[in-house]
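Here is what each chain is made of, one letter per residue.
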Amino acid sequence: MKKYFLHNGTESSGPFDLEELKAKRITKNSPVWFEGMENWKTAGEIPELRSFFIVVPPPIPTFSTVPPKPKVEKKKEEKEEIKILGLSKKTFFIVLGSFVLLAIITVLNTIEDNRSRELELRNHKTEIENNQYNLHQKKINDEKNLVAEEEKAASERTKKERKQTLTNRILEIKHLLQENTNNLEATKKKLEDTSGFKFFRSASEKKEQISLLEKNIIDYNSENDKLEKESDILKLELEKIK
């Protein structure tokens, strides 16, 4: 009786007779060898072992689930699919979503345009107000400058007039001083002459004439002092104006 050996890929086992080999539940591809074979063969290649591998069909299912509808009904259902405005439901909602998205984008763009336009109008209004303010400020500054120039011109005229008045008065004082000096010298000369003149006059007449001349001399000197002081004051004022 033949004895068979098995190989599991790493090591061999056996020997086994047919009954023992059958109990090992070998497959068609299990390596088998027995005495007299040159090389190992698979169990399916050995005739006496083929009866081990009779194909047994699987059990019949009980069909507990509902069988699918025939394809004809499916096609009928497809034909009866709901349509909106001549479009399939899916297509309709895609188109509707596109229109809604487009409407939202349009509304957002309109809002943005309105904001930009409003901002532009506001900036334009602000620019106009700034220009008006600048023009108003320029007008005020021009008026201030005009007033300042008029005041300066008036001040210059006043100074010029005052300088002319002072100069004229100084010249007048100079002339008066010269005139008083001349009169003073003449009066002094006359006093000398009157003091030495003895004929055709009484003593009282001589004394009265001398007193009058002396008084004139005092008046001339006093007048000259006043004129010189006034001239000095006017000259100082004239220097300050310059």
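Because the structure is a prediction, the values reported are computed rather than measured. (Residues numbered from 1 in each chain as written. Predicted model: local features only at pLDDT ≥ 70, side-chain atom pairs only at ≥ 80, totals over all residues. Heavy atoms only, no water.)

S.K.: Which residues make up the overall build of the chain, and what values go with them?
M.R.: Looking only at helices and strands, the chain has 4 helices and 6 strands in total. The secondary structure elements of the chain, listed N-terminal to C-terminal, are β-β-α-β-β-α-β-β-α-α. Scored against the burial criterion, the 242 residues of the chain give a buried share of 13%. Counting only contacts in the chain whose residues sit at least 6 apart along the sequence, the fraction spanning at least 24 positions is 49%. When the accessible area of the chain is evaluated, it comes to approximately 20,700 Å², of which 57% is carbon and sulfur surface. (Helix = DSSP H or I, 4+ residues; strand = E, 2+ residues; numbered from the N terminus. Buried < 20%, exposed > 50% of the residue type's maximum accessible area, 1.4 Å probe, protein only. Contact = heavy atoms within 4.5 Å. Areas by Shrake-Rupley, 256 points an atom, 1.4 Å probe, with all protein chains shown as cover.)

S.K.: So what about the side chain of Ser30? Which residues, and what values?
M.R.: Mapped onto the fold, Ser30 is located in the loop between α1 (18-23) and β3 (31-34). Ser30 sits in the buried class, given a relative accessible area of 16%. Not counting residues up to four positions away in its chain, the partners in contact with Ser30 are Lys41, Thr42 and Ala43.

S.K.: Go over the packing of helix α3 (residues 89-196) against helix α4 (residues 203-241), please, and point to the residues and values.
M.R.: At a minimum axis distance of 8 Å, the contact between α3 and α4 shows a crossing angle of 160 degrees. The angle between the axes of α3 and α4 places the two elements in the roughly antiparallel class. Here α3 runs over α4; the crossing is left-handed. In terms of residue class, the contact of α3 with α4 is built from 15 nonpolar, 12 polar and 13 charged. (Axes fitted to C-alpha atoms, helices over the stretch in contact; angles between N-to-C directions. Parallel < 35°, antiparallel > 145°, perpendicular 65-115°, else oblique. Left-handed = near helix turned anticlockwise from the far one by under 90°. Nonpolar A, V, L, I, M, F, W, Y, C, P; charged D, E, K, R; others polar.)

S.K.: So what's going on with the packing of aromatic side chains? Residues and values would help.
M.R.: Given two aromatic rings, their pairing is described by the distance between the two centres and the angle made by the two planes. Scanning all chains against the criterion turns up 3 aromatic pairs. A centroid spacing of 5.8 Å and a plane angle of 50 degrees characterise the contact between Phe5 and Trp33, whose relative ring orientation is tilted. On the criterion of sequence distance, the pair formed by Phe5 in strand β1 (residues 4-7) and Trp33 in strand β3 is long-range, its members being 28 residues apart. Between Phe92 and Phe93, the aromatic rings sit 5.6 Å apart at their centres with planes inclined by 70 degrees, giving edge-to-face as the arrangement. (Phe/Tyr/Trp six-rings, centres within 6.5 Å; stacked < 30°, edge-to-face > 60°.)

S.K.: Report on the environment of Asp17, specifying residues and quantitative values.
M.R.: Along the chain, Asp17 falls in the loop between β2 (12-16) and α1. Measuring from C-alpha to C-alpha, the distance between Asp17 and Tyr4 comes to 6.3 Å, with 13 residues separating the pair along the chain. Setting aside residues up to four positions removed in sequence, Asp17 forms contacts with Met1, Lys2, Lys3 and Tyr4. In terms of polar contacts, Asp17 uses its side chain to reach the backbone amide nitrogen of Glu19, at 3.3 Å. A distance of 2.7 Å separates a polar side-chain atom of Asp17 from the backbone nitrogen of Glu20. (Polar contact = N/O pair within 3.5 Å; in protein donor to acceptor, adjacent residues only side chain to side chain.)

S.K.: Help me get a handle on the sheet that holds strand β4 (residues 41-42), residues and values and all.
M.R.: The strand order across the open sheet formed by 4 strands is β2-β1-β3-β4, and the pairing between neighbours is antiparallel. The sheet is open, and its two edges are formed by β2 and β4, each paired on a single side. Two strands pair when backbone bridges link them, and β1 and β3 are joined in this way by 3 bridges, in the antiparallel orientation. Bridge assignment links Leu6 to a residue of β3, and that residue is Val32. (Pairing = 2+ DSSP bridges.)

S.K.: Pulling in residues and values, what's your account of the nonpolar core?
M.R.: Counting 12 residues, the largest nonpolar core is built from Tyr4, Leu6, Phe16, Leu21, Ile26, Val32, Phe34, Met37, Ala43, Ile46, Leu49 and Phe53. Listed by contribution, the elements that provide at least two residues to this core are β1 and β3. Setting aside residues no more than four positions away along its own chain, Phe53 makes contact with Ile26, Thr27, Lys28, Ala43 and Gly44. With 7 residues, the next largest nonpolar core counts Ile170, Leu177, Leu227 and Leu234 among its residues. (Core = buried A, V, L, I, M, F, W, Y, C linked by side-chain atoms within 4.5 Å.)

S.K.: Please set out α3 residue by residue, giving values where relevant.
M.R.: In this model α3 runs 156 Å from its N-terminal to its C-terminal C-alpha over 108 residues, within 8% of the 160 Å that 1.5 Å per residue would give. The set of residues buried in α3 consists of Phe92, Leu166, Ile170, Ile173, Leu177, Asn180, Leu184, Thr187, Leu191 and Thr194. For α3, the elements touching its buried residues are β5 (83-84), β6 (87-88) and α4. (Expected span 1.5 Å × (residues − 1).)

S.K.: For the pattern of salt bridges, give the residues involved together with the corresponding values.
M.R.: Should their charged atoms come close, side chains of opposite charge can pair. The final tally for this structure, using the stated rule, is 7 salt bridges. The salt bridge involving Lys138 is made with Asp142; its shortest N-O contact spans 3.1 Å. With Lys138 and Asp142 both in helix α3 and 4 residues apart, this pair spans about one turn of that helix. Of the charged contacts in the structure, one is a salt bridge between Arg162 and Glu237, with a shortest N-O distance of 2.8 Å. Taken together, the residues span a long stretch of sequence, with Arg162 in helix α3 and Glu237 in helix α4 at a distance of 75 residues. (Salt bridge = Lys/Arg side-chain N within 4 Å of Asp/Glu carboxyl O.)

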